[in-house]
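# Structural description and commentary
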There are 2 protein chains.
Amino acid sequence: MGDEALSAGAVARRLGVAVTTLRTWHQRYGLGPSQHLPGHHRRYTPADLARLEIMRKLTSDGVTPAEAARWARQVPVPGPAGEPPTVVANRVRPGGERDGGGQTIPVGRAGPAARGLARAAMRLDSVAIGETIGQTLATDGVVATWEGLLRPVLAGIGERHAATAGLIEVEHLLSRCVSEAFATVARAGSATGPARLLLSCADEEQHTLPLEALAAALAEAGVAYRMLGARVPAAALVEAVNRTGPAAVVIWSHTLATADPAQLTALLASPRRPLLVLAAGPGWRADSLPAGVVRPVDLAEAVSLALAVRDSLDQSVEG
Amino acid sequence: MGDEALSAGAVARRLGVAVTTLRTWHQRYGLGPSQHLPGHHRRYTPADLARLEIMRKLTSDGVTPAEAARWARQVPVPGPAGEPPTVVANRVRPGGERDGGGQTIPVGRAGPAARGLARAAMRLDSVAIGETIGQTLATDGVVATWEGLLRPVLAGIGERHAATAGLIEVEHLLSRCVSEAFATVARAGSATGPARLLLSCADEEQHTLPLEALAAALAEAGVAYRMLGARVPAAALVEAVNRTGPAAVVIWSHTLATADPAQLTALLASPRRPLLVLAAGPGWRADSLPAGVVRPVDLAEAVSLALAVRDSLDQSVEG
DNA sequence: TACGAGTTGCGTCGATTTCTGCGTCGATTT
DNA sequence: AAATCGACGCAGAAATCGACGCAACTCGTA
């Protein structure tokens, strides 16, 4: 293991701050070299440097230095190895099974449960739908249920709907059942501590289900949040952010039409700028997002990001 | 990181009130930091925060702020021993019980629970909202909760929203919580027998909450139903009716714009014409309804009509 | 039904406190 | 000799303070 010990000046130059500031950070926030004898020169290990990097990043994102320091101090310094992406087990069917043509919903290779759910939906059988969802939810959890069961079926219906202009009732009924199932999970979960997360749809955005999935997943993990719902005008969102000062905000946009980057910009410019802004959903174009906005690909990624924020803020006090 | 001293802004954000309100509470009710030098910044200890939490909880329960403050001031806050409890002059109110004012939602004479719910909503406090609704739902049932608690508060918000063009976030958050609560009831109820009832919004109609209330009330009464949800085109509705052959159909319309009588006519002309068609909601004009359509005034009336249908079918089938 | 009195949350304004990065100085380490 | 250390202080920015006032609600009364 490379045993490099950086001097104060080197670290300062690397971070872009003055040497004295490093000293101040050490005294004021306890952000210094892991071991240091008073009067002697400071020697920063790579781990110490990583901590400082976090500090730098957060402060340049607009976080209060005191708070950023609290975070940097508590985050277990991430090892050099990159985090393995959370892989959602995608149950592949063993045989190249072919399943019904006829009046069904294309669910792709999403497993038998999905096909069953699709059938129940076609029958408008809300009881069977509710049972299937509840079962899977209890067994596999929210994230897996969403990715492996609900999303495929919903996507399949949407596809068919676009092609044949029918199936609207099916889509409505299923949506409603999914919504109910998520709501049940959300209400069952016991939130711990104040809500530091705000979930909202973009302006004019109607689709709430993915956000509800996120909410349910968070509730399942014991994370408190506030959910605003569909069609939230930018002004209202900013207003809510200013009132509640969330650490992170998730904005969902389903289509390009509702993905106005101005909403994000307004958020970033708000007085109580949230620590993290997540632009979720297929509507957002990666190249049009303002700097400082993160774009999760997955429900799983969104959840883990939210969890990270929660964990790091857990013991800290706002400043 | 042992002693947390929360700043005014942090506390305000945590409680969901404005910073100025905290100051007002301090001056008016003596609810401030235990020790505070005039001119200096306020530093709230955990004990102080606990006192404010009591204040928050009481006001969300509908208690007059002045009285809530009196309680909060007297409750022995379990704090670090050694310091004598701050005794504040107990300003007794000369007049009798009064309430109202400030940035609140007009609920009229709808009871303290409604006022508490309104306050919780203004604070975007979804936990308190959920608790209040759940409590009332369990105690009074769906119908009473809707008429006596939810509808007044929602109407108040809507009114205010129309007047000031604000409060959208509040409306969204509350709607979401109500929706969740109803969903929980709907899923808890055990349906008996096949669903002979179809609930649907009119075409283009966005408001689902009243229908959800009806659904929850039906579930509470053990009636099975199918719920299609918002924005159901007439063709899709007819399709659903033909597929499932319900005995009764409820169509909700909130505004005149979505209350096209043609939808009802189409229903009555469908091959599997339902026994009963209910046009619910303030959108429908009594004089424009085709013959054979019933228009319930109330949630209660809609429920009892649905029950009547269920019962009559039961006898005819079983007999 | 309309109106005045009492209550209450919160926006605004100029002054003050607090935070934060960094420069300076004499002594010490490398 | 160069770099750094600890202590101290400063200046700009952000947050907060106290005072004041407004708007809107409720309730009793005319």
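Up top is the structure.
The paragraphs below set out a description of the structure included in this document. Keep in mind it's a predicted model, so treat the numbers as computed, not measured.

### What about the overall build of chain A?
When its secondary structure is counted, chain A shows 11 helices and 5 strands. When burial is assessed residue by residue, chain A has 49% of its 319 residues classed as buried. Expressed as a percentage of contacts within chain A between residues at least 6 apart in sequence, the contacts between residues at least 24 apart total 67%. Total accessible area computed for chain A in this model is approximately 14,900 Å², and 54% of it derives from carbon and sulfur atoms.

### A look at the interface of chain B and chain A
If you look at the interface, chain B gives 43 residues, while chain A gives 44 residues. For the pair chain B and chain A, the summed buried area comes to about 3,800 Å², and 54% of that belongs to carbon and sulfur atoms. On the chain B side of the interface with chain A, the three residues burying the most area are Arg13(B), Arg176(B) and Arg187(B), jointly 21% of the side's total. The interface formed by chain B and chain A holds 3 salt bridges in total.

### Some remarks on the pairing of strand β3 (residues 248-252) of chain B
Looking along a regular strand, one sees the side chains alternate between the two faces of the sheet. All names here are of chain B. Where burial is concerned, most of β3 is hidden: 5 out of the 5 residues are buried. Both faces of β3 are covered, namely the face carrying Ala248, Val250 and Trp252 and the face carrying Val249 and Ile251. Across 5 bridges, the pairing between strand β1 (residues 197-201) and β3 is parallel. Bridging across to β3, serine 200 finds its partner in isoleucine 251.

### Let's talk about the sheet that holds strand β2 (residues 226-227) of chain B
Residue and element names in this part refer to chain B. Across the sheet, 5 strands lie side by side as β2-β1-β3-β4-β5; this open sheet has parallel pairing. Each edge of the open sheet carries a strand with a single partner, namely β2 and β5 (293-294). Here strand β4 (residues 276-280) pairs with β5 via 2 bridges, running parallel. Directly across from leucine 278, in β5, lies its bridge partner valine 294. Packed on one face of the sheet, helix α8 (residues 209-220) meets β1, β2 and β3 and runs near 160 degrees to β1. Against the sheet, helix α9 (residues 234-244) contacts β1, β2 and β3, and its axis sits at roughly 170 degrees relative to β1.

### Comments concerning the environment of Gly134(B)
Here Gly134(B) lies in helix α6 (residues 126-164). Sequence separation of Gly134(B) and Thr145(B) is 11 residues, and the distance between their C-alpha atoms is 9.5 Å.

### Description of the side chain of Asp48(B)
Residue and element names in this part refer to chain B. Secondary-structure assignment places aspartate 48 in helix α3 (residues 46-60). Looking at aspartate 48, the relative accessible area reads 1%, which means it is buried. Polar side-chain contacts of aspartate 48 include one of 2.7 Å to the side chain of serine 34. Of note is the side chain of aspartate 48, whose polar atom sits 2.8 Å from the side chain of arginine 51. Non-local contacts of aspartate 48, meaning those with residues more than four positions away in its chain, are made with Gly32, Pro33, Ser34 and Arg43.

### A few points about the pairing of strand β3 (residues 248-252) of chain A
All names here are of chain A. Alignment of β3 against strand β4 (residues 276-280), held across 5 bridges, turns out to be parallel. Looking at β4, one finds that valine 249 is bridged to valine 277. Each parallel crossover has a hand, and the one from β3 via helix α10 (residues 261-268) to β4 is right-handed.

### Quick notes on the packing of aromatic side chains
Residue and element names in this part refer to chain A. Tallied over the entire structure, the rule returns 2 aromatic pairs over all chains. On the numbers, 6.1 Å between centres and 50 degrees between planes, the contact of tryptophan 146 with phenylalanine 182 is tilted. Note that tryptophan 146 is positioned in helix α6 (residues 126-164) and phenylalanine 182 in helix α7 (residues 168-188), a separation of 36 residues in sequence. Here tryptophan 146 and phenylalanine 182 have matching classes, each one buried.

### So, helix α8 (residues 209-220) of chain A
All names here are of chain A. Over its 12 residues, α8 extends 16 Å from the first C-alpha to the last, a length consistent with the 16 Å expected when each residue adds 1.5 Å. Judged by how many residues are buried, α8 sits mostly within the fold: 11 of 12 residues are covered. Listing the buried residues of α8 in full gives Leu209, Pro210, Leu211, Glu212, Ala213, Leu214, Ala215, Ala216, Ala217, Leu218 and Ala219. Phi turns positive one or two residues past the end of α8, at glycine 222, with a value near 80 degrees.

Criteria and cut-off values
- Residues numbered from 1 in each chain as written.
- Chains lettered and ligands numbered in written order.
- Predicted model: local features only at pLDDT ≥ 70, side-chain atom pairs only at ≥ 80, totals over all residues.
- Heavy atoms only, no water.
- Helix = DSSP H or I, 4+ residues; strand = E, 2+ residues; numbered from the N terminus.
- Buried < 20%, exposed > 50% of the residue type's maximum accessible area, 1.4 Å probe, protein only.
- Contact = heavy atoms within 4.5 Å.
- Areas by Shrake-Rupley, 256 points an atom, 1.4 Å probe, with all protein chains shown as cover.
- Buried area = accessible area lost by both parts, 1.4 Å probe.
- Salt bridge = Lys/Arg side-chain N within 4 Å of Asp/Glu carboxyl O.
- Pairing = 2+ DSSP bridges.
- Axes fitted to C-alpha atoms, helices over the stretch in contact; angles between N-to-C directions.
- Polar contact = N/O pair within 3.5 Å; in protein donor to acceptor, adjacent residues only side chain to side chain.
- Right-handed = clockwise from strand over helix to strand, strands pointing away.
- Phe/Tyr/Trp six-rings, centres within 6.5 Å; stacked < 30°, edge-to-face > 60°.
- Expected span 1.5 Å × (residues − 1).

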